[in-house]
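# Secondary and tertiary structure notes
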Amino acid sequence: MSFAVVDFETTGILPSYHHRVVEIGVTHVEDDGTITARWETLINPERDLGPQSIHGIRAADILDAPVFGDVAAEFADLLRGRVFVAHNATFDLRFLHAEFERAGYGLHADTPSVCTMALGSSFGLGASCSLAHACVTCSIEPGLSHSAGSDSYATAQLLSHYQRTSSTWPGWAEYWQRTSDAGRAYEYPVGRRTSATAKPRSAAPVTPASFLERISTESVRDAVEGAAAMYTALLDRCLLDGIISVSEGAQLGEVATELGLTRTVVHGIHRDYLVELERRAWADGVLTDEEKADLRAVGALLQLDAEDIAAAVDDVRPEDDALASGAFALATGDLIVLTGDMVRPRDVWEAELRDRGYLPHPTVTKKVKLVVAADPDSLSGKARKARDYGIPIVSEDGLTKLLERR
């Protein structure tokens, strides 16, 4: 089995609004997870470049870049006999079909594909986990974000991680084989290659992510699945520059209708989205005036009620849902792992836990009931393993509340 991992940078989120591809990245992955080839090129979209602050491509970069039709045959050859893979594959497949059709090549509607974003729910990442967060969680270097070549390569490494992790899981060998067979059988168009050559983008400096982009790309929404996950991923993309234009709003509405999401469901997604942003803003234990301003702006963009926005910018740190609802409780003999530099000395915490009948434990195993971290969003090895096992992670304050409940 073999895979062609693809990423597109585009001028917008919907081809039906005349948005075009401005960059293509392709990475080949073999059946053993080995990465064997990389290809990338800028594309002249023959229109404005859209959100340049996100993808970083300038007009000067694409003046001598090929149009899609110039590289369509070469691109098709890179896909032929392989499974199409992308992170949020629904997004990329829309543009794949639209660009080939515009270039005079028709594709069969049901292109076999693997979506690494959707697969994340099987690997402890949630079904709408961003590529950036998935890479950090799986110890993969993400490279230059919003560069098709870098994002394709990062997604390829994530796919390899999935393959290795699932190699001994029941039923997964059959899944990969079945997917591979479908990819080999799919027919991409055969065209005549032109004299045009690929034009990779030149190296660009990596600028620090803004507050909103950092939150948007690092959020993990484990409960979001299916159509809601697809909509949430597009919402992430629209909000990266802190603006939802009138056109983007119309496109989100069109996508919601296409996915069968009602107004009530979309409103719930928007509300949950703002709550997740609030949680991320509190990750360092402080909600600054700048972060409050960003949250208010996002709440307004999402057309949320004044009460929802006010709740997001108050000075009360949101609790973990399971803890707040009382659905989670500790029992005598439970193993508890402490990690990070805590405000209260660790030996004091460990002594209190023992006095209360709990067992402080040095490492995270599947038998551990709770992990207590100085920073609940920590990317430490213990925290990553806890997320993989589905073990709750709380702050010191969270632990205190759990102990008070006993």
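- Per an unreviewed UniProt entry, the recorded name for the protein chain is Exonuclease domain-containing protein, and the organism is Microbacterium hominis.

### A few points about empty space enclosed by the protein
- Applying the stated criterion across every chain yields a total of one cavity of 30 Å³ or more.
- Considering only enclosed or pocket space, the largest cavity measures out at about 40 Å³ in volume.
- Lining the largest cavity we find N88, T90, F91, R94, M230, L234, V255 and L259.
- Mapped onto the lining of the largest cavity, the elements with two or more residues apiece are α4 (89-102), α10 (226-239) and α11 (246-259).
- Here the lining of the largest cavity takes three residues from α4, the largest share from any one element.
- Partitioning the lining of the largest cavity into residue classes produces five nonpolar, two polar and one charged.

### Quick notes on the sheet that holds strand β7 (residues 359-360)
- Taken together, four strands build an open sheet; the order of strands is β7-β6-β8-β9 and the sheet is parallel. Looking at strand neighbours, the two that pair on one side only are β7 and β9 (393-394), the edges of this open sheet.
- Across five bridges, the pairing between strand β6 (residues 335-339) and strand β8 (residues 368-373) is parallel. Opposite I336, over in β8, you have L370 as the bridge partner.
- This element, helix α16 (residues 346-355), spans β6 and β7 of the sheet and lies at about 170° to β6.

### Remarks on the layout of surface pockets
- Roughly 370 Å³ of internal volume is contained in the second largest pocket.
- Along the walls of the second largest pocket sit 17 residues, with Y231, G249, V266, H270 and Q303 positioned nearest its centre.
- Secondary structure elements with two or more residues in the lining of the second largest pocket: α10, α11 and α12 (263-281).
- With six residues, α11 is the largest single contributor of residues to the lining of the second largest pocket.

### Points about the nonpolar core
- In this structure, I24, F75, L79, L96, F100 and Y231 are the most contacted members of the largest nonpolar core, which totals 59 residues.
- Mapping this core onto the domain boundaries places at least three of its residues in each of domain 1 (3-185) and domain 2 (211-312).
- F75 has contacts with V6, F8, I24, V26, W39, F68, L96 and F100, leaving out every residue within four places of it along the chain.
- By size, the runner-up hydrophobic cluster in this structure holds 22 residues, among which are V5, V29, I140 and Y162.

### Re the confidence of the model for the protein chain
- Here the protein chain averages 85 in pLDDT, and 90% of its residues register 70 or above.
- Ignoring residues within four places in sequence, the model shows residues 205-211, a span with pLDDT below 50, making six contacts including any to other chains.
- Note on residues 213-223: pLDDT is under 50 here. Beyond four places in sequence and across chains, it has 37 contacts.

What counts as what
Residues numbered from 1 in each chain as written. Predicted model: local features only at pLDDT ≥ 70, side-chain atom pairs only at ≥ 80, totals over all residues. Heavy atoms only, no water. 1 Å grid on protein atoms, 1.4 Å probe; cavity = no way out; pocket = protein on both sides within 12 Å on 5 of 7 lines; lining within 4 Å. Points joined across faces, edges and corners; volume = space filled by probe spheres on them. Helix = DSSP H or I, 4+ residues; strand = E, 2+ residues; numbered from the N terminus. Nonpolar A, V, L, I, M, F, W, Y, C, P; charged D, E, K, R; others polar. Pairing = 2+ DSSP bridges. Contact = heavy atoms within 4.5 Å. Axes fitted to C-alpha atoms, helices over the stretch in contact; angles between N-to-C directions. Core = buried A, V, L, I, M, F, W, Y, C linked by side-chain atoms within 4.5 Å. Buried < 20%, exposed > 50% of the residue type's maximum accessible area, 1.4 Å probe, protein only. Domains from an automatic or database assignment. pLDDT = per-residue confidence, 0-100.

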